[in-house]
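Examining the three-dimensional arrangement
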Amino acid sequence: MSLLEINNLHVRFGAGATAFRAVQGLDLRLEVGETLGIVGESGSGKSVAMMALMGLIETPGQVTAERLAFVGNDLLCARPAARRRMIGKDLSMVFQDPVTSLNPAYTIGSQIVETLKTHAPASRRAMKVRAEELLAAVGIPEPKARLAAYPHQLSGGLCQRAMIAMAIACEPKLLIADEPTTALDVTVQAQIIDLLLELQVRHHMGLILISHNLAVVSQIADRVIVMYAGEVVEEAPARTLFASPKHPYTAALLAAIPENNPIGAPLYSLPGLVPGNLERQANRCLMANRCDRVREECLLERPCLAMDADGRIVRCIAPLNGGQ
Amino acid sequence: MAYSIPESATVENAADSSLSDVWQHLRHSPASILAITYVIALLLTALFAPWLTLHNPVEQFREHLLDAPLWRGGTLDFPFGTDDLGRDLLSRLIYGSRYSLFIGFTAILAALLPGVVLGMLSAFFPRFLGFGVMRAMDVLLALPSLLLTVAVVAVLGSGLINTIVAIALVQLPGVVRLTRATAIGELAKEYVAASRIAGAGVLRLLFIAVLPNCIPPLIVQATLGFSVAILDAAALGFLGLGAQPPTPEWGTMLASARDFIESASWVVYLPGLAIMSTVLAINLIGDGLRDLLDPKLRVR
Amino acid sequence: MGANEMAPVLVAKDLTRRYRIRRGWFRKGGHLNALRNVSLDLEEGKTLAIVGESGSGKSTLARVLAMVDVPDTGHLHIAGKPVNIDNRKQLRPLVQMVFQNPSASLNPRKTVAAILAEPLIVNTTLNRVERRKRIGEMLEQVGLSAEHANRYPHTFSGGQAQRIAIARAMILRPKIVIADEPTSALDVSIQAQILNLFSDIQNRYGTSFIFVSHDLSVVRRVADEVLVMYLGSAIEQASTSELFRAPRHPYTLALLSSTPRMGGTGSIERIQLEGELPSPLEVPTGCVFAKRCPQADGHCVQMPPALEPRGRHSVSCHKA
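Note that the structure is a prediction, hence the values are computed from the model and not measured. (Residues numbered from 1 in each chain as written. Chains lettered and ligands numbered in written order. Predicted model: local features only at pLDDT ≥ 70, side-chain atom pairs only at ≥ 80, totals over all residues. Heavy atoms only, no water.)

Once that is clear, we can look at the overall build of chain B. The secondary structure content of chain B amounts to 11 helices and zero strands. Mapped from its N terminus to its C terminus, chain B presents α and β elements in the order α-α-α-α-α-α-α-α-α-α-α. Across the 300 residues in chain B, those meeting the buried criterion constitute 45%. The contacts of chain B with a sequence gap of at least 6 include a subset with a gap of at least 24, amounting to 70%. (Helix = DSSP H or I, 4+ residues; strand = E, 2+ residues; numbered from the N terminus. Buried < 20%, exposed > 50% of the residue type's maximum accessible area, 1.4 Å probe, protein only. Contact = heavy atoms within 4.5 Å.)

If you want it as structure tokens, here you go:
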């Protein structure tokens, strides 16, 4: 039984024909202990998809899916109370900006205790001790003193560690990290990534890492999904994906990284912009207006996510041949 | 070329469609629509008062003292009845709206103009001007507003203009504080630094760069200040300190109607209703505006 | 006179900037040492990168160099002229700035035309027609079109907004443009477009750039020289190729090894930094980096090292 199963997830904002299609037909499967990376730029729908999973999308957003199951439990038909029981305890999320994700009016300690109170209530003292253990587990120095600290008194790195402590407080089976290191300094980024890896191994957690930073994803993901304009355009094991991308968008992302360009020449860059609402409704490949390999067939209908001749999953009628 | 002209694909409405946005938003709120309709109707009646009224508001009809209104068996001659001096109530109410609206407009204008300037300057020069101005405003705020208006009128004398000055003075601290707070927030933003680097001087920074961004909360403040002004004017009128009889100002009308609460209640409740419904309508509009302008600010 | 002897377009010597922190009426305030004796120079037509993490003082330095902030001590010379209170306004057109968050740096209540016209109105005597022409040209040069001038900033994407900000910075044809993390808030593919735009501008106009960044992979591409900052001090300075080939300061080494690279953690031995960045309010007496340095010893804690120049590669470290 998979840890997470998502079939045909759609998220739309607004109603009727002009609704904005933030996520279009996402399929996702995650096994216990696996790390999945979701890569995409702004407008790709990666964060929206995860928020939909957590039940955080409110009207005018609409979430529909054929299947949305966590540890075999159906999340779609679950009532809010049942859903809340599942989420937070077994399914946790860490967000991008730690300083604003924490409540500035409460101490770190009380916020962790509140999480514990909801899902694993115990005596006050027991919960305080557990909170201290958690802070130590995430590498915060002087954990006992830090329990009484307010978010604004901690640096970005410490705040993010505190957020992670809250997220793992109830030993979740799955942790979703949405751009956890983007707001942090480079040296701190490295520490947080190491921490996530270590926690995952220790608790045998599933981990979904969302990022637009390909380098960060390449370091810890087993498998990677690339999203563009609400759709999955490629899915592959991390090493394979980065060594030989099949979809032109993946290749473009890799090519745009400064490291991958010889010094002196202009950086490769993808012309044009991410498709807006109008373009997403058209029945053609969403990359067509920016792709340098575009053909007539690309404009006739939207390609499906399918396995190509080499056994790679890609949404393109003329995928690249490895090593492009 | 390594970079090309990006298509303007993502962004839908290029034009700044504030008016249609306003309509879209208000469409869903029947209270706002009612309120706007009421205020527009009021404005029109105030404007066309001479053509809409049946009688002169100060003319006394000796044979028709305290005539009942239509719904209490009155005649179409005096649909809202007459007061204790035989003056047609409907005409007085309609002409009274002129006074209320005039007082409202001029009072907030008189509060906004110096208030905004003082607020902006104290945001920009916190140590020299800011300190002094804010302490002065604190003094004004320490006095209960009605007492302050009464005090000002006592010093300057009663009458319409002095009423307006008194009301404006009471509203001044609110405007100054709001402007200063908003301006301080805006001054910390990067586009101000960018203007500074472009070479903009203090005046240009304050009034061309920052001021337009401070306007939304001021609009809401002005709308609510309008209704407060009307209430204050009515209060002053009621106390006999504002417009003097026979001026058909709603508060003054209330003052002279005190004795007739039991015998001819319409002389009391009609001006009261007029005040109440106008203030309510304006407050509803202010609320609607606030809802409208806040999320838009966030989006921007 | 060879190219080496051309006077640098910007010279900064011993810039220091301290902020007084008030802690209320009953507690003694402290000083925040944002900059401590920072010196640098920028050669004409070249790009200098200032690298550092939060609290390093790089943004303060950017503001001081842009003449927005006044240093407490130190000198600043732009195009050979010393900067003081009197001539700031005249020198303004020579130094312009591009900010990190493109949408925040554009006045939301002004049209693009008004935003681009402002520097022209304040600093030149062009009339309206001439201004409009210049604005149209500038927009075309940054990859937009003249029609975009009538729109408001919020109707543009992040990348487009940054182009507008660059157009605004370049419209006075400044000698120096200071870019404070101009691509940090942008997606990778847009970042590439903007970086290309910068190099295009440099080729076309010969503008000198000061690029503030924490992203070393970007720095490696765009910069000719790099200045590494930590807690308000300049700790290493070298040409880009030299810095990446043979970094000497332990912090630089740690920074380089922390930069995530494609291909997994195994490829580079990551140097783990102990602890957190100390607060800039309590700057240690000795070397600023001693508390976290894997190579620090007692001497490091006591004595602040000086910036030792060795050719064009300077390091402030006892151990280097």
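All names here are of chain B. The N-to-C vectors of helix H7 (residues 160–187) and helix H9 (residues 202–238) enclose an angle of 160°; their axes lie 9 Å apart at closest approach. Compared by their axis directions, H7 and H9 come out roughly antiparallel. Our pair here, H7 against H9, has a crossing hand that is right-handed. Packed against H7, whose contacting residues are Thr163, Ile167, Gln171, Gly174, Val175, Leu178, Thr179, Thr182, Ala183, Glu186 and Leu187, the element H9 presents Val210, Asn213, Cys214, Pro217, Leu218, Gln221, Gly225, Val228, Ala229, Asp232, Ala233 and Leu236 at the interface. Residues that form the contact of H7 with H9 fall into these classes: 13 nonpolar, eight polar and two charged. (Axes fitted to C-alpha atoms, helices over the stretch in contact; angles between N-to-C directions. Parallel < 35°, antiparallel > 145°, perpendicular 65-115°, else oblique. Left-handed = near helix turned anticlockwise from the far one by under 90°. Nonpolar A, V, L, I, M, F, W, Y, C, P; charged D, E, K, R; others polar.)

A few words on the interface of chain B and chain C. By convention, interface size is frequently given as the accessible area that disappears when the constituent parts associate. On the side of chain C, 40 residues touch chain B, which itself brings 29 residues to the contact. A buried area of about 3,000 Å², summed over both sides, lies between chain B and chain C, and 59% of it is on carbon and sulfur atoms. Across the chain B-chain C interface, the total number found is one salt bridge. Put simply, Glu118(C) and Arg204(B) hold a salt bridge, and the shortest N to O gap is 3.1 Å. Those elements that provide at least two residues to the side of chain B that touches chain C are helix H8 (190–197) and H9 of chain B. Considering every element that reaches the side of chain B that touches chain C, the biggest residue donor is H8(B), with seven residues. Broken down by class, the residue content of the side of chain B that touches chain C amounts to 17 nonpolar, six polar and six charged. (Buried area = accessible area lost by both parts, 1.4 Å probe. Salt bridge = Lys/Arg side-chain N within 4 Å of Asp/Glu carboxyl O.)

Within the structure shown, the criterion is met by nine aromatic pairs over all chains. Between the aromatic rings of Trp71(B) and Phe80(B), the centroid separation amounts to 5.5 Å while the plane-to-plane angle is 75°, which identifies the pairing as edge-to-face. Judged by relative accessible area, which is 46%, Trp71(B) ranks as partly exposed. A relative accessible area of 25% places Phe80(B) in the partly exposed class. Consider the rings of Phe198(C) and Phe209(C), whose centres lie 5.2 Å apart with planes at 85°: the pair is edge-to-face. Residue Phe198(C) is located in helix H6 (residues 188–205), and its partner Phe209(C) is located in strand S8 (residues 208–213); the two are separated by 11 residues in the primary sequence. Phe209(C) matches Phe198(C) in its accessibility class, with the two residues each being buried. Chaining the aromatic ring pairs together yields one cluster made of Phe198(C), Phe209(C) and Phe211(C). (Phe/Tyr/Trp six-rings, centres within 6.5 Å; stacked < 30°, edge-to-face > 60°.)

Residue and element names in this part refer to chain C. Spatially, S2-S1-S4-S5 is the arrangement adopted by the four strands of the open sheet, whose pairing is antiparallel. In this open sheet, the two strands that pair with only one neighbour each are strand S2 (30–42) and strand S5 (81–82). Pairing of strand S1 (residues 10–21) with strand S4 (residues 73–78) involves five bridges; the strand directions are antiparallel. Considered in S4, the bridge of Lys13 is made with His75. Contacting S1, S2 and S4, helix H1 (residues 58–65) runs over the sheet at an angle of about 120° to S1. (Pairing = 2+ DSSP bridges.)

Looking now at the sheet that holds strand S8 (residues 174–178) of chain A. The strands making up a sheet associate through hydrogen bonds between their backbones, and the pairing can be parallel or antiparallel. Residues and elements named next belong to chain A. On the basis of which strands lie adjacent, the open sheet formed by eight strands has the order S7-S8-S9-S3-S10-S11-S13-S12 and mixed pairing. Both edges of this open sheet fall to strand S7 (91–94) and strand S12 (306–307), since each of them pairs with a single strand only. Pairing between S8 and strand S9 (residues 206–211): five bridges, direction parallel. The residue of S9 that forms the bridge with Asp178 is Ile210. The strands touched by helix H1 (residues 46–54) are strand S3 (35–39), S7, S8, S9 and strand S10 (223–228); relative to S7, the strand with the most contacts, the crossing angle is about 145°.

Okay, helix H4 (residues 89–124) of chain B next. Structurally, the α-helix is built with 3.6 residues per turn, so residues lying three or four positions apart point the same way. With 36 residues, H4(B) ought to run about 52 Å at 1.5 Å a step, and its terminal C-alpha atoms sit 51 Å apart, in line with that. N-cap assignment for H4(B): the residue whose side-chain oxygen lies 3.4 Å from the backbone N of Leu90(B) is Asp88(B). (Expected span 1.5 Å × (residues − 1). Polar contact = N/O pair within 3.5 Å; in protein donor to acceptor, adjacent residues only side chain to side chain.)

At the junction of the two partners, chain A supplies 40 residues and chain C supplies 32 residues. Between chain A and chain C lies a buried interface of about 3,200 Å² when both sides are counted; carbon and sulfur atoms form 52% of it. Taken as a group, Val186(A), Thr187(A) and Gln219(A) account for 19% of the area that chain A buries against chain C, more than any other trio of residues on that side. Seen at the junction of chain A and chain C, the total is zero salt bridges. There are nine residue pairs in polar contact (both at pLDDT 80 or more) connecting chain A and chain C. Residue assignment for the side of chain A that touches chain C shows that the elements contributing at least two residues are helix H7 (156–168), helix H8 (186–203), helix H9 (214–220) and helix H11 (248–256) of chain A. In terms of residues, the side of chain A that touches chain C owes the most to one element, H8(A), which gives seven residues. Among the residues making up the side of chain A that touches chain C, the classes are represented as 22 nonpolar, 13 polar and five charged.

In this section: the pattern of salt bridges. Counted under the stated rule, the structure contains 28 salt bridges over all chains. As a salt-bridge pair, Arg130(A) and Glu133(A) come within 3.4 Å of each other at their nearest N and O atoms. Of this pair, Arg130(A) and Glu133(A) both sit in helix H5 (residues 124–137), separated by three residues, roughly a single helical turn. Given a relative accessible area of 24%, Arg130(A) falls into the partly exposed group. Residue Glu133(A) is classed as partly exposed on the basis of its relative accessible area, which comes to 43%. Through salt bridges with shared partners, a single network forms among Arg17(C), Arg63(C), Asp69(C) and Asp72(C).

Before going further, it helps to examine unusual backbone geometry. The phi torsion at His204(A) lies on the positive side, around 50°, for a residue other than glycine. Within the element layout of this structure, His204(A) appears in the loop between H8 and S9. Looking at His204(A), the relative accessible area reads 52%, which means it is exposed. In the Ramachandran plot, Leu231(C) falls in the positive-phi region, its phi being about 50° despite a non-glycine side chain. Assignment of secondary structure puts Leu231(C) in the loop between strand S9 (225–230) and strand S10 (233–239).

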